[in-house]
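# Structural description and commentary
Below are the chains, spelled out letter by letter.
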Number of protein chains: 2
Amino acid sequence: MSEADDFLKVATEAKEAAAVLAPLPRAPKDAALRAIADALVARSAEIVAANAEDVAQARENGTSEAMIDRLSLTPARVEAVAEAVRQVADLPDPVGEVVRGSTLPNGLELRQIRVPLGVVGIIYEGRPNVTVDAAALCLKSGNAVLLRGSSSARSSNTALVRVMKEALAETAVPAGAVQLVPGVTRESAKHLMRARGLVDVLIPRGGASLINSVVEESTVPVIETGVGNCHVYVDADADVEMAVAILINAKTQRPSVCNAAETLLVHADIAEAFLPRALAALAENGVTVHGDARVAAYGEVVPATEEDFFAEYLSLDIAVAVVDSLEDAVAHIKKYGSGHTDAIVTRSQAAARRFVSLVDSAAVAVNASTRFTDGGEFGFGAEIGISTQKLHARGPMGLPELTSTKWVYTGEGHMRTSDGTVVFPATP
Amino acid sequence: MSEADDFLKVATEAKEAAAVLAPLPRAPKDAALRAIADALVARSAEIVAANAEDVAQARENGTSEAMIDRLSLTPARVEAVAEAVRQVADLPDPVGEVVRGSTLPNGLELRQIRVPLGVVGIIYEGRPNVTVDAAALCLKSGNAVLLRGSSSARSSNTALVRVMKEALAETAVPAGAVQLVPGVTRESAKHLMRARGLVDVLIPRGGASLINSVVEESTVPVIETGVGNCHVYVDADADVEMAVAILINAKTQRPSVCNAAETLLVHADIAEAFLPRALAALAENGVTVHGDARVAAYGEVVPATEEDFFAEYLSLDIAVAVVDSLEDAVAHIKKYGSGHTDAIVTRSQAAARRFVSLVDSAAVAVNASTRFTDGGEFGFGAEIGISTQKLHARGPMGLPELTSTKWVYTGEGHMRTSDGTVVFPATP
């Protein structure tokens, strides 16, 4: 069989499984998730052995030790992955929630009810734990999942999916609800992107280039995630010490993630009080500053280019500019930002209100680090990604964001006429 | 300038206007809508004269009288269009609604707030009143709108948009927020479909071929609307008289709309009691029955082909099949349906519950006509279309469906550390 045929087979199985899974209530779904968690722990040695093949291949390819650490699974890490699955089982089931409902004036009982999306495709890079996390979130929300991980974790992902499918075989959830997309070539990802009618939504998780290529090429609806060029704007009326503390936290607490700060904007009126301290604190924390000419007046910086202000560094680098007003900061964010998270530090209620109103991003933070834009921090219990688009879901996506809704209306022979509703046995 | 340049100009104007419009509170938006309504009435003669050109052209092209009636504007119809705008002004503003909100355990105040989508593109056919309806709904929800109507209503649409823009010029809403897409060729619609980054969402309103071509060709996110192959399933346990009444209402009350019934499925156990009466009632109401072999046993029918079961007739035709079980009815709907509205007629609570659970459509009706799937009937006050997709919006779309959300979190120097939240002035 060709790769295209292989893909069609697993996608069709997923769609069929989705129809069985969708109407299941919470208990059998939670039981299936616990069976998966138990199987992961019980078969930990098999998973770690498969992972060792990926790690050996990565070493052969000269992969950095940091990347190898991200790739590696140990029994303790498998246990943590299983524990995360149990935590998903403990979360409330979004399916069946009545989102809105009323009895209409004509007596029809109307309800809008959460239902699964159907088949969710996930294209992701790097760490094999995403394979299990994503599958658990999809199953809990009643969706089948097509997983397309990176070729560097192929052996690990194959083992993890095998263990999950075999665990499901003993449960009410069909094993076909979890599928690894066959093939490791770019072409195999394209099958997923073009499977309109078989796949209901595609969620790319990874770097900007992965996400852009999926958005460009997919005919399946895509939820864009995770590209974060996050800004910290220090207003004229900021508490200087608080601003320094928030800046350092947003930039350095975990520089490799999408909610880390990448650009600092400083109001001209506070530049003299703030920038010397900020530049010193950044230097102390090992951050390279790419500053514009006005920033250079306050310390040694690498001259910032246009690209620096567009960059999602994901490293200990930051672009810094001085702006003349809050409006100029907003205009800068609009031009260069990615619509993820932008923060203002200010004591002024008016400035905070204006910044929140004008900045069109998934999240806006006031006197808080950008690092809080996260499903776990928001109390969702788990997160499938952070949407930076405006349709369907925006910001951290938890279980409800993996659902659609269905309208149900119940009457007793309700008919619509040009003069209003007539109810049987009256003739309309 | 080329058509592409013309398009870029109006789309850029719309995007700039959207940024001004988005933060406006309700009062200036409602005032702008009332100014539009007043201007439409005041300049009714000018609008009717422009419409007369379209009507004359349509007659020259041999357009049917029914289509010409749909196209025609009279002073009374312009008044009705203006009244609809005033009704939109009276609706609550979805923007600013706090959808969710809490104080997190660390003290951060978290709110998810409705915000406009930005720039909405509408591609539509037929009646010029859609030009004003769509613009009013977009403005009320804080969005700029790019309108791409049919070439047959070009003169009417040009006049309507001119009147709306001139009315807006006297208000807080920028005139650039309402734009007619230049050009009447297919190419001009394609500019709209490919304006990723300038247009946030595209809503096609019209027949299946229009919608399919937009879905296929657009790189802008699309909300599919309005294709309805709606089913009425008469269960074994139905009240025969109620089933006939609902069938006739769903099929004949307004056959040209997307929530009219196109297929009747009859449980084998009730076929003998139901079908003779149903076929007689359909014949009496001028409906042509396209029946399968089992239906033909109960009366004269046109033999149904596979295409009949896929068809959205929008006419006094109906496809009819006998099925052996509720599950077979569900399988038929899954195979041939469009996911719009499907109804069951039954006295059985278990059958109703099972049908509602298994049918994966935007709306499921129990003992009620499919004709109730409508924003007006659901109490939305107005409707921009009926979504038959699962992402973002499903079923009738009112004002909230024309919005996205933004997360806002407010702290007092909140920083995230590996040990939890630290609040300034403590050092993280």
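Residues numbered from 1 in each chain as written. Chains lettered and ligands numbered in written order. Predicted model: local features only at pLDDT ≥ 70, side-chain atom pairs only at ≥ 80, totals over all residues. Heavy atoms only, no water.

Before going further, it helps to spend a moment on the overall build of chain A. Looking only at helices and strands, chain A features 15 helices and 17 strands. Each principal axis of the C-alpha atoms in chain A carries an extent, and together these give about 80 × 70 × 35 Å. Sorting the 428 residues of chain A into buried and exposed places 58% on the buried side. Long-range pairs, those at least 24 residues apart, make up 72% of the contacts in chain A with a sequence separation of at least 6. About 16000 Å² of surface is accessible on chain A, with carbon and sulfur atoms providing 52% of the total. Across chain A, the 38 positively charged side chains and the 54 negatively charged ones have centroids separated by 5 Å. (Helix = DSSP H or I, 4+ residues; strand = E, 2+ residues; numbered from the N terminus. Buried < 20%, exposed > 50% of the residue type's maximum accessible area, 1.4 Å probe, protein only. Contact = heavy atoms within 4.5 Å. Areas by Shrake-Rupley, 256 points an atom, 1.4 Å probe, with all protein chains shown as cover. Lys, Arg positive; Asp, Glu negative; His and termini not counted. Charge placed at Lys NZ, Arg CZ, Asp CG, Glu CD.)

Moving on, we get to the domain arrangement of chain A. Residue and element names in this part refer to chain A. Split by domain assignment, chain A resolves into domain 1 (3-224 + 389-407) and domain 2 (230-372). Here the C-alpha centroids of domain 1 and domain 2 sit 35 Å apart. Counting residues at the interface gives 4 residues for domain 1, matched by 4 residues for domain 2. Where domain 1 abuts domain 2, roughly 350 Å² becomes buried across the two surfaces, and 33% of that area is made up of carbon and sulfur atoms. The largest per-residue losses of area from domain 1 upon contact with domain 2 belong to Lys390, Arg394 and Gly395, which jointly make up 72% of the total buried on that side. In this assembly, domain 1 and domain 2 are joined by 2 salt bridges. For aspartate 360, the salt bridge identified is with lysine 390, shortest N-O distance 2.8 Å. Residue composition of the side of domain 1 that touches domain 2, by class: no nonpolar, 1 polar and 3 charged. (Domains from an automatic or database assignment. Buried area = accessible area lost by both parts, 1.4 Å probe. Salt bridge = Lys/Arg side-chain N within 4 Å of Asp/Glu carboxyl O. Nonpolar A, V, L, I, M, F, W, Y, C, P; charged D, E, K, R; others polar.)

Turning our attention to the packing of helix α3 (residues 44-60) of chain A against helix α7 (residues 154-168) of chain A. All names here are of chain A. Running from N to C, α3 and α7 cross one another at 160°; their axes reach a closest spacing of 7 Å. It follows that α3 is roughly antiparallel to α7 by the angle criterion. Here the hand of the crossing between α3 and α7 comes out right-handed. On α7, the residues touching Glu46, Ile47, Ala50, Asn51, Glu53 and Asp54 of α3 are Arg154, Ser155, Ser156, Ala159, Leu160, Arg162 and Val163. Taken together, the residues of the contact of α3 with α7 sort by class into 5 nonpolar, 3 polar and 5 charged. (Axes fitted to C-alpha atoms, helices over the stretch in contact; angles between N-to-C directions. Parallel < 35°, antiparallel > 145°, perpendicular 65-115°, else oblique. Left-handed = near helix turned anticlockwise from the far one by under 90°.)

What follows covers the packing of aromatic side chains. The final tally for this structure, using the stated rule, is 16 aromatic pairs over all chains. On the numbers, 6.0 Å between centres and 75° between planes, the contact of B:Phe378 with B:Phe380 is edge-to-face. For the pair B:Phe378 and B:Phe380, one class covers both residues: buried. Linked through ring pairs, A:Phe372, A:Phe378, A:Phe380, B:Trp407 and B:Tyr409 together constitute an aromatic cluster. (Phe/Tyr/Trp six-rings, centres within 6.5 Å; stacked < 30°, edge-to-face > 60°.)

This part covers the relation of the copies chain B and chain A. Each copy superposes on the other: chain B lies on chain A with an RMSD of 0.0 Å after a rotation of 180° and an axial shift of 0.0 Å. In short, the pair behaves as if placed about a two-fold rotation axis. For chain B, the residue whose C-alpha comes nearest the rotation axis is B:His392, separated from it by 1.8 Å. Interface overlap between copies is the fraction of interface residues in one copy that are interface residues in the other; for chain B against chain A it reaches 100%, indicating a shared surface. (Least-squares fit on C-alpha atoms with pLDDT ≥ 70 in both.)

Below, the discussion takes up the sheet that holds strand β3 (residues 119-124) of chain A. Residue and element names in this part refer to chain A. One open sheet holds the 4 strands; their spatial order is β5-β4-β3-β6, and the pairing between them is parallel. Because the sheet does not close on itself, it has two edges, and the strands there are β5 (178-180) and β6 (201-205). Strand-to-strand, the axes of this sheet are offset by a mean angle of 20°, without reference to chain direction. When strand β4 (residues 144-148) meets β5, the two strands line up parallel, connected through 3 bridges. Looking across to β5, one finds that leucine 146 is bridged to glutamine 179. (Pairing = 2+ DSSP bridges.)

Turning to the side chain of B:Arg371, a few remarks are in order. By the secondary structure assignment, B:Arg371 is in the loop between β13 (363-368) and β14 (385-387). Lacking a salt bridge, the buried B:Arg371 has B:Asp374 as its closest oppositely charged neighbour, with an N-O distance of 5.7 Å. Among the polar contacts listed, one links the side chain of B:Arg371 to the side chain of B:Asn259, at a separation of 2.7 Å. The contacts of B:Arg371, once residues within four sequence positions are left out, are A:Tyr409, A:Arg416, B:Asn249, B:Ala250, B:Gln253, B:Arg254, B:Val257, B:Asn259 and B:Ala260. (Polar contact = N/O pair within 3.5 Å; in protein donor to acceptor, adjacent residues only side chain to side chain.)

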